[in-house]
Amino acid sequence: MSTPDTSHLESVPASAWSADDSAALYGITDWGNNFFSVSDAGEVTVRLRDGKKRSEVPIASIIDGLRDRGTDFPVLLRFRDLLHDRISELNQSFRTAIADSNYQGDYRGVYPIKVNQQRQVIEEITAFGKRFHYGLEAGSKPELIAALAHMHDEEAYLICNGYKDEEFIDLALTARKMGLQVIIVLEMPSELNLVIERAEKLGIRPLLGVRARLATKSEGKWQESAGDKSVFGLSASQIIETVDQLKESGYIDCLTLLHYHQGSQIPNIRAIREAATEATRMYIDLVKEGAPMGILDTGGGLAVDYDGSHTDFPASCNYTISEYCADLVEVIGQTCTAENIEHPTIISESGRAVVAYYSVLVFNILDVTKFQLDDTPPTPPATMSPTLKNLIDVAENISTDSLQENFNDATYYRDQIREMHVHGRVSLRERGYAEHLFWNIVTKITRRLSELEFVPEELAELRSQTHDYYYGNFSLFQSLPDSWAIDQLFPIMPIHRLAEKPTQQAVLADITCDCDGKIDRFVDRRDVAHTLPLHPIQPDDTGYCIGVFLVGAYQETLGDLHNLLGDTNVVGVHLENGKPVYSHEVEGDTVADVLSYVEYEPKVLVEKFRSFAENAVNSGKITPRERKEVMKSYRHGLDGYTYFESDI
Ligand SMILES: *Cc1c(COP(=O)(O)O)cnc(C)c1O
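Here the structure is a predicted model, which is why all the values come from computation and not from measurement.

1. Things to note about the sheet that holds strand 8 (residues 181-186)
Next, step 1: The eight strands lie next to each other as 5-6-7-8-9-10-11-12, forming an open sheet whose pairing is parallel. Edge positions in the sheet fall to strand 5 (110-112) and strand 12 (345-347), since each has one partner strand and no second. Each strand axis lies, on average, 25 degrees off the axis of its neighbour in the sheet, ignoring direction.
Next, step 2: Pairing analysis gives three bridges linking strand 6 (residues 135-138) to strand 7 (residues 157-160), with the strands arranged parallel. Bridge pairing in strand 7 links Leu 136 to Leu 158.
Next, step 3: Most of the contacts of helix 8 (residues 191-202) go to strand 8, to which it runs at about 145 degrees, and overall it touches strand 8 and strand 9 (207-211).

Dropping the structure here:
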């Protein structure tokens, strides 16, 4: 991997620790894309537009401003400047690639709405994207309906993918008549008849595309959406049948676009080149078949380097945006030139790469469960079985030369004692003592690992078991669904205290109490880390803040109401005259909101609880005054945020 090794940081004494060491430890220079960095004061900063220049703004100060205004954690920050910068970067990179290789066609990007459908996002993209004639991709009727309200640029494209009913097709056709370049992409053989029928009926000539199912395999988690087994797209023979049908019905002059989609987050540039080569071949043949064509739509797949390793690891990619653009332009250009075919307009449907950087989730730590790193054995029980004595013997004779053996023995005796307890032969007190002692032994062993030249794998793993749990005020299921569902990695780090050495190894748990509601996979210079270095916090301190970065793509609407924890607060942030301006504030769900999503009627809930309270008064369990108080709390609870609220 190209990222620097940071193992030497472990030995940096706390007194010599600097913010730069934190930056290296968390790899922010590698994944931050110059948008995020660490200040000398030890705070994560975000680079925002400040008039004509850029300023590095501490995220902690943005959060302070929000808390002063009463916005609670968790909060999702959206930075429109980062979205604008990514749209610019993508379009400029294609322009540069086109100029550099003397390509004769254009580039027109479209943003696939499904990647983040929030209104604010579509508004930002259509408004800012206008200078590039940046369009939209709709994969369903609701997305088309949203797109038609926001995108009215006649030089941009509106690509319609997905399953289409009559209403979807009618809307697309009519919008075409109204002047928009709406292209209906045929994804299934059965769609063509319906499209022709509606076009005849409305008397509108459509712009048509076909989605090809490529044979090229791509790597990455989402590869199933391409290849022979993909549910979408037409096979080579189906494309030919479609062409014949278009010729017979007199619609071949409407076929303007060939589309393919390799799946999202394609880490390897080679797969991207291969797919583009295969698709360009198909494009050329469609021209030769007599279709006017003109557009090659290369779909999504442009990856984000979440772990900053710049490799073909699934959370990364071994290419930059410029390389992606240069390769597509080169492959398509050269293949067409060799066949004497005019260079098509290239469309990419890049979603993830455009919106991932846009949002940052910030939550506070509510509590910590420490892994006990004490060497003092607990008070021994009055009676002791010989097995327990053996375990004590192990604890007293740990030596650097025999750590693996010591660990094996300790595990063996601990398991024996558990077994004996199940059979009623030792007491719970003895078992408790044995388990405590076992962790004392593990602690002693892990402390000595640094003395070994070679650390056996099993013992190395102990390190990651001897971690603390940091409980974060968030729901993984609501805010980071891909972390839960498909083990997606996101860069995660504290947003402050970075001039201080983080001495604890932690796993993050959310407040759902679900054993899946935790994060124990973190970006690392090598593969994946199972713990995250964090700072110690005082028992009553709930102000320690963690940022989860690059969460703008796919996370916001996939989330679910696990434990009825709802949408988080959302705030858009930009600078005016050097000061943060909070805009587009969306209050997160209240308890009443989420309850009504699952069919509870808040009024009825109050009624039912009130009659329960009244009965309690009548039977003398509470006083009328207590009824008043408990009703107040109940109502207050309904109106409040679903997350842990702190009194500020
Ligand atoms: C999901 C999807 C995209 C977006 O892919 P990214 O990898 O996020 O850029 C583009 N096109 C289609 C058809 C999709 O289904």
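2. Focus: the site of the ligand
Next, step 1: Lining the immediate environment of the ligand, one finds 17 residues, of which Lys 114, Ser 264, Glu 349, Gly 351 and Tyr 554 sit closest.
Next, step 2: In this structure, Gly 351 approaches the ligand through a main-chain N or O atom, which is 2.7 Å from an oxygen atom.
Next, step 3: Arg 352 is positioned such that a nitrogen or oxygen atom in its backbone is 2.9 Å from an oxygen atom of the ligand.
Next, step 4: Alone, the ligand offers 390 Å² of accessible surface; in the complex the protein occludes 92% of this.
Next, step 5: Grouping the constituent residues of the shell around the ligand by class yields three nonpolar, nine polar and five charged.

3. Details of a nonpolar patch on the surface
Next, step 1: Together, Tyr 597, Val 598 and Tyr 600 give the surface a local cluster of nonpolar side chains, amounting to about 300 Å² of exposed area.
Next, step 2: Along the chain, the position of Tyr 600 falls in the loop between helix 20 (591-597) and helix 21 (602-618).
Next, step 3: Judged by relative accessible area, Tyr 600 falls into the partly exposed class, the value being 42%.

4. A look at the nonpolar core
Next, step 1: Judged by nonpolar contacts, the single largest core of 154 residues is most densely connected at Phe 36 and Leu 508.
Next, step 2: With ten residues, helix 10 (residues 269-288) is the largest single contributor of residues to this core.
Next, step 3: Domain assignment of the residues forming this core places at least three in each of domain 1 (16-79 + 358-371 + 467-588) and domain 2 (103-353).
Next, step 4: Ignoring sequence-local partners within four residues, the contact set of Leu 508 consists of Phe 363, Ile 365, Tyr 470, Ile 492, Gly 517, Lys 518, Ile 519, Phe 522, Leu 532, Leu 534 and Ile 546.
Next, step 5: Judged by nonpolar contacts, the second largest core, of 23 residues, contains Ile 392, Ala 395, Tyr 433 and Leu 449.

5. Some remarks on the domain arrangement of the protein
Next, step 1: Entries for the protein in the domain assignment read domain 1 (16-79 + 358-371 + 467-588), domain 2 (103-353), domain 3 (386-464) and domain 4 (591-639).
Next, step 2: When each unit is reduced to the centre of its C-alpha atoms, the spacing between domain 3 and domain 4 is 51 Å.

6. Digging into the pattern of salt bridges
Next, step 1: In total, this model carries 29 salt bridges according to the counting rule given.
Next, step 2: With its nearest N and O atoms 2.8 Å apart, the salt bridge here joins Asp 85 to Arg 54. Of the two residues, Asp 85 sits in helix 4 (residues 80-100) while Arg 54 sits in strand 3 (residues 53-58), which places them 31 residues apart along the sequence.
Next, step 3: Relative accessible area serves as the criterion here: at 12%, Asp 85 is assigned to the buried category.
Next, step 4: For Arg 205, the salt bridge goes to Asp 253, with nearest N and O atoms at 2.8 Å.

7. Details of the side chain of Glu 191
Next, step 1: Within the secondary structure, Glu 191 sits in helix 8.
Next, step 2: For Glu 191, a relative accessible area of 7% puts it in the buried group.
Next, step 3: There is a polar contact of 3.2 Å between the side chain of Glu 191 and the side chain of Lys 164.
Next, step 4: At 2.7 Å, the side chain of Glu 191 and the backbone nitrogen of Glu 187 are in polar contact.
Next, step 5: Setting aside its immediate chain neighbours within four residues, Glu 191 contacts Gly 162, Tyr 163, Lys 164, Val 185 and Leu 186.

8. As for unusual backbone geometry
Next, step 1: At the junction of Phe 73 and Pro 74, the peptide bond is cis and its omega measures out at -10 degrees in the coordinates.
Next, step 2: By the secondary structure assignment, Pro 74 is in the loop between helix 3 (59-68) and strand 4 (75-78).
Next, step 3: A positive phi angle, close to 55 degrees, is found at Gln 265, a residue other than glycine.
Next, step 4: Within the fold, Gln 265 resides in the loop between strand 10 (255-259) and helix 10.
Next, step 5: What makes Gln 265 buried here is its relative accessible area of 1%.

Cut-off values and rules
- Residues numbered from 1 in each chain as written.
- Predicted model: local features only at pLDDT ≥ 70, side-chain atom pairs only at ≥ 80, totals over all residues.
- Heavy atoms only, no water.
- Pairing = 2+ DSSP bridges.
- Helix = DSSP H or I, 4+ residues; strand = E, 2+ residues; numbered from the N terminus.
- Axes fitted to C-alpha atoms, helices over the stretch in contact; angles between N-to-C directions.
- Contact = heavy atoms within 4.5 Å.
- Near = heavy atom within 4 Å.
- Polar contact = N/O pair within 3.5 Å; in protein donor to acceptor, adjacent residues only side chain to side chain.
- Areas by Shrake-Rupley, 256 points an atom, 1.4 Å probe, with all protein chains shown as cover.
- Nonpolar A, V, L, I, M, F, W, Y, C, P; charged D, E, K, R; others polar.
- Patch = residues over 30% accessible without salt bridge, like charges linked within 9 Å, V, L, I, M, F, W, Y side chains within 5 Å.
- Salt bridge = Lys/Arg side-chain N within 4 Å of Asp/Glu carboxyl O.
- Buried < 20%, exposed > 50% of the residue type's maximum accessible area, 1.4 Å probe, protein only.
- Core = buried A, V, L, I, M, F, W, Y, C linked by side-chain atoms within 4.5 Å.
- Domains from an automatic or database assignment.

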